[in-house]
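What follows is the residue order along each chain.
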Amino acid sequence: MIQAILVFNNHGKPRLVRFYQRFPEEIQQQIVRETFHLVLKRDDNICNFLEGGSLIGGSDYKLIYRHYATLYFVFCVDSSESELGILDLIQVFVETLDKCFENVCELDLIFHMDKVHYILQEVVMGGMVLETNMNEIVAQIEAQNKLEKSEGGLSAAPARAVSAVKNINLPEIPRNINIGDINIKVPNLSQFV
């Protein structure tokens, strides 16, 4: 089972952090730091598998990582997962990001965090691998994008809410609201309508 997925840059700044096991926030930050230091001190010619840090479970867990340009993609897994399978999963995740963002870079992970999390949820959920077929993942992402465009997207929601309130057909705006012993005086709102 996958315990955590961490993506950080060459300077150790986390760009994506997803834990599938409950840890307090301070421990999560320590895990990210420790994982970064474990991965950073390894040479590029060395194997991409190493034992997990002391905070995440030690020798019972493995860190499997890939280094792409300025980003490290690190999956922390237990002993039941295949190292080569996880390396392939990292490759599928990165290629899917690359297809969805057209040549993905670190800024895409920063400014489109919601989309990155959605892509990750199509691949892994609850620490279990859901999908490894990149074409299926991309098809689901495109379907989600199409649905968002047809609904006007989340950015249009506040404008729709304001227009819905303006279109409420009230014969008269109440000036006093009485609820039991509570009397509420409503200010004149005609300047806002």
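A quick note: this is a predicted structure, and the numbers were derived from the prediction, not measured.

Draft legend 1. Structural view of the packing of aromatic side chains. The full count for this structure, using the stated rule, is 5 aromatic pairs. Aromatic side chains Phe19 and Phe23 sit 5.7 Å apart centroid to centroid with 75° between the ring planes, which places their arrangement in the edge-to-face category. For Phe19, a relative accessible area of 15% puts it in the buried group. Take Phe23: its relative accessible area is 10%, and that puts it in the buried class. Considering the side-chain rings of Tyr68 and Phe73, the 5.7 Å spacing of their centres and the 80° angle between planes classify their relative orientation as edge-to-face. An aromatic cluster is present here, built from Phe8, Phe36 and Tyr72 joined pairwise through their rings. Above the face of the Phe101 ring, Lys115 is positioned so that its terminal group lies 5.3 Å from the ring centre.

Draft legend 2. Expanded view of unusual backbone geometry. Of note, Glu102 is a non-glycine position whose phi angle comes to about 50°, a positive value. Residue placement: Glu102 occurs in the loop between helix H2 (83-101) and helix H3 (106-111). In the Ramachandran plot, Asn103 falls in the positive-phi region, its phi being about 70° despite a non-glycine side chain. Secondary-structure assignment places Asn103 in the loop between H2 and H3. Taking relative accessible area as the criterion, Asn103 reaches 61% and is therefore assigned exposed.

Draft legend 3. Examining the nonpolar core more closely. Within the largest apolar cluster, 28 residues are counted, with the highest numbers of intra-cluster contacts made by Ile2, Phe73, Phe75, Ile86 and Phe93. If you list the elements that add at least two residues to this core, you get strand S1 (2-9), strand S5 (71-78), H2, helix H4 (113-123) and helix H5 (134-150). With 10 residues, H2 is the single largest residue contributor to this core. Counting residues in hydrophobic clusters, the runner-up holds 17 residues, among them Leu6, Val39, Tyr61 and Tyr65.

Draft legend 4. Representation of the pattern of salt bridges within the structure. Applying the stated criterion to the full structure yields 2 salt bridges. Here Glu106 makes a salt bridge to Arg15, at a shortest N to O gap of 2.7 Å. You can see Glu106 sitting in helix H3 and its partner Arg15 sitting in strand S2 (residues 14-19), a full 91 residues away along the chain. Accessibility classification places Glu106 together with Arg15 in one group, the buried group.

Cut-off values and rules
- Residues numbered from 1 in each chain as written.
- Predicted model: local features only at pLDDT ≥ 70, side-chain atom pairs only at ≥ 80, totals over all residues.
- Heavy atoms only, no water.
- Phe/Tyr/Trp six-rings, centres within 6.5 Å; stacked < 30°, edge-to-face > 60°.
- Buried < 20%, exposed > 50% of the residue type's maximum accessible area, 1.4 Å probe, protein only.
- Lys NZ or Arg CZ within 6 Å of the ring centre and 35° of its normal.
- Helix = DSSP H or I, 4+ residues; strand = E, 2+ residues; numbered from the N terminus.
- Core = buried A, V, L, I, M, F, W, Y, C linked by side-chain atoms within 4.5 Å.
- Salt bridge = Lys/Arg side-chain N within 4 Å of Asp/Glu carboxyl O.

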